[in-house]
Amino acid sequence: ETGVTQTPRHLVMGMTNKKSLKCEQHLGHNAMYWYKQSAKKPLELMFVYNFKEQTENNSVPSRFSPECPNSSHLFLHLHTLQPEDSALYLCASSQGMSQGYEQFFGPGTRLTVL
Amino acid sequence: QQQVKQSPQSLIVQKGGISIINCAYENTAFDYFPWYQQFPGKGPALLIAIRPDVSEKKEGRFTISFNKSAKQFSLHIMDSQPGDSATYFCAAMEGNFNKFYFGSGTKLNVKP
């Protein structure tokens, strides 16, 4: 595998379920990000991790819980989600945190909350 | 409040034509402006980027025009091809931290 991979690619869950999204980067990068992409809306940055430390939590509801066990893996734990949380969740990574370091995106997980 | 406003929401262009997508921002502290291209089923990928010290940057058929005084920037795709059909996002970043504010996207359809 190369680049940034995300699993699962599609997920349907009920409002009472608990599920996790997984992201893995094979680029040797130090920073990883979670974004939410909703139709006709700007990409929303959710969380940022740099060297496994969370550096940004963009006022995301607590029903979303990120985990970064190492620089290559990033998880997004989901519980008691709402239908409005249905969206494409994108993971990205970059070599560094400063400007000019390109963010490489994964293909996303399409989440549907029933 | 949306930091970066993008238009149009969708665009249809004939093959060989010029595609133009516009973005506007308010925060004068933004100092890095990338454009991303996203194909269905894929994540966004960096296409081209500009800093406010230049008014234009060209890479192949893709050109960014930047108007600092108007706080606007645009993407021009010359000789548009069906393979360019994708969703394009503009973005802006402030300072030395890799946090982007994205536009809402433009879905481009280039007809053969």
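Residues numbered from 1 in each chain as written. Chains lettered and ligands numbered in written order. Predicted model: local features only at pLDDT ≥ 70, side-chain atom pairs only at ≥ 80, totals over all residues. Heavy atoms only, no water.

Enquirer: When you look at the packing of aromatic side chains in this model, what are you seeing that I'm missing?
Expert: Aromatic ring pairs are defined here through the distance separating the ring centres and the angle between the ring planes. Applying the stated criterion to the full structure yields 19 aromatic pairs over all chains. On the numbers, 6.2 Å between centres and 20 degrees between planes, the contact of Tyr-25 of chain B with Phe-66 of chain B is stacked. Residue Tyr-25 of chain B is found in strand β3 (residues 19-25), and its partner Phe-66 of chain B is found in strand β7 (residues 62-67); the two are separated by 41 residues along the sequence. The class for Phe-66 of chain B is buried, based on a relative accessible area of 7%. A connected cluster of aromatic rings, assembled from ring pairs, spans Tyr-33, Tyr-35 and Phe-105 of chain A together with Tyr-32, Tyr-36, Phe-100 and Phe-102 of chain B. (Phe/Tyr/Trp six-rings, centres within 6.5 Å; stacked < 30°, edge-to-face > 60°. Helix = DSSP H or I, 4+ residues; strand = E, 2+ residues; numbered from the N terminus. Buried < 20%, exposed > 50% of the residue type's maximum accessible area, 1.4 Å probe, protein only.)

Enquirer: So what exactly am I meant to see when it comes to the interface of chain B and chain A here?
Expert: Note on interface size: it is often stated as the accessible area lost on association of the parts. Facing 23 residues of chain B, the contacting portion of chain A comprises 27 residues. Between chain B and chain A, roughly 1,900 Å² of surface is buried when both sides are summed, and carbon and sulfur atoms account for 53% of that area. Taken together, the links from chain B to chain A amount to three residue pairs in polar contact (both at pLDDT 80 or more). The greatest single-element share of the side of chain B that touches chain A, amounting to four residues, is contributed by strand β4 (residues 30-38) of chain B. Looking at the side of chain B that touches chain A residue by residue, the class counts come to nine nonpolar, ten polar and four charged. (Contact = heavy atoms within 4.5 Å. Buried area = accessible area lost by both parts, 1.4 Å probe. Polar contact = N/O pair within 3.5 Å; in protein donor to acceptor, adjacent residues only side chain to side chain. Nonpolar A, V, L, I, M, F, W, Y, C, P; charged D, E, K, R; others polar.)

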